[in-house]
Amino acid sequence: MTEEIRSWPWAWAWLTLFVIVLLRAGATYGIGRLVAAGVVRRRPPGPRLQAAVDRVERWGPPVVTASFLTVGAQTVVNAGAGLARMSVPRYLVGLVPGAALWATVWSTVGAGVFLAALRSGTDRGQAVAVAVAAVVLVAVVAAVASRRRRGRLDA
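Residues numbered from 1 in each chain as written. Predicted model: local features only at pLDDT ≥ 70, side-chain atom pairs only at ≥ 80, totals over all residues. Heavy atoms only, no water.

A.B. asks: Would you mind going over the overall build of the protein chain with me for this structure?
C.D. replies: The helix and strand tally for the protein chain stands at 7 helices and 0 strands. When the elements of the protein chain are put in sequence order from the N terminus, they spell out α-α-α-α-α-α-α. Within the span of the protein chain, comprising 155 residues, buried residues form 25% of the whole. Long-range pairs, those at least 24 residues apart, make up 81% of the contacts in the protein chain between residues at least 6 apart in sequence. Carbon and sulfur atoms provide 69% of the accessible area of the protein chain, an area that totals close to 9900 Å². (Helix = DSSP H or I, 4+ residues; strand = E, 2+ residues; numbered from the N terminus. Buried < 20%, exposed > 50% of the residue type's maximum accessible area, 1.4 Å probe, protein only. Contact = heavy atoms within 4.5 Å. Areas by Shrake-Rupley, 256 points an atom, 1.4 Å probe, with all protein chains shown as cover.)

A.B. asks: Hey, could you run me through the packing of aromatic side chains in this one?
C.D. replies: For any pair of aromatic rings, the description consists of the separation of the ring centres together with the inter-plane angle of the planes. Enumeration according to the criterion identifies 4 aromatic pairs in this entry. Judged by centre distance (6.4 Å) and plane angle (35°), the rings of Trp 10 and Trp 14 are tilted. Placement of the pair is Trp 10 and Trp 14 together in helix α2 (residues 10-42), with a separation of 4 residues, close to one helical turn. Residue classification places Trp 10 among the partly exposed residues on the basis of a relative accessible area of 46%. Here the aromatic cluster, defined as three or more aromatic residues joined through ring pairs, consists of Trp 10, Trp 14 and Phe 18. (Phe/Tyr/Trp six-rings, centres within 6.5 Å; stacked < 30°, edge-to-face > 60°.)

A.B. asks: Quick question: what am I supposed to make of the side chain of Ser 107 here?
C.D. replies: Summarising the element assignment, Ser 107 is placed in helix α5 (residues 88-107). Among the polar contacts made by the side chain of Ser 107, one reaches the main-chain carbonyl oxygen of Ala 103 at a distance of 2.7 Å. (Polar contact = N/O pair within 3.5 Å; in protein donor to acceptor, adjacent residues only side chain to side chain.)

Everything listed here is a matter of geometry and, on its own, says nothing about what the molecule does.
As structure tokens, then:
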């Protein structure tokens, strides 16, 4: 399907992919929120769980955005954001740029590179290692930037 969409004019292909990923990721987040709501109704979160939810609320948006640079991590991260009850505004801060990034990559070189790698018989372990390295790199850069921003705000 991605190949067919990529044959469209670029702006239409990008917009279509952007909407697809917004709907898919948003639905995954929503399912996570529904599951979390059912669990919380039965048992309110303790202090440790609430601390974890607070960390996700704080650090979650950059992680949501970075997940769109990987193949396969988006579903886990979006469901996890819902399960951790990340607020919708904070989730959208990560989702919208992540979806735009994903649509840009897949409407340009990303789909071609990915399909070429699969067709060439590239070791899947290497592909996973590269994807994990990219996520780690983005997370480190986001953490350093956030720490520097906080340092300027505290001064």
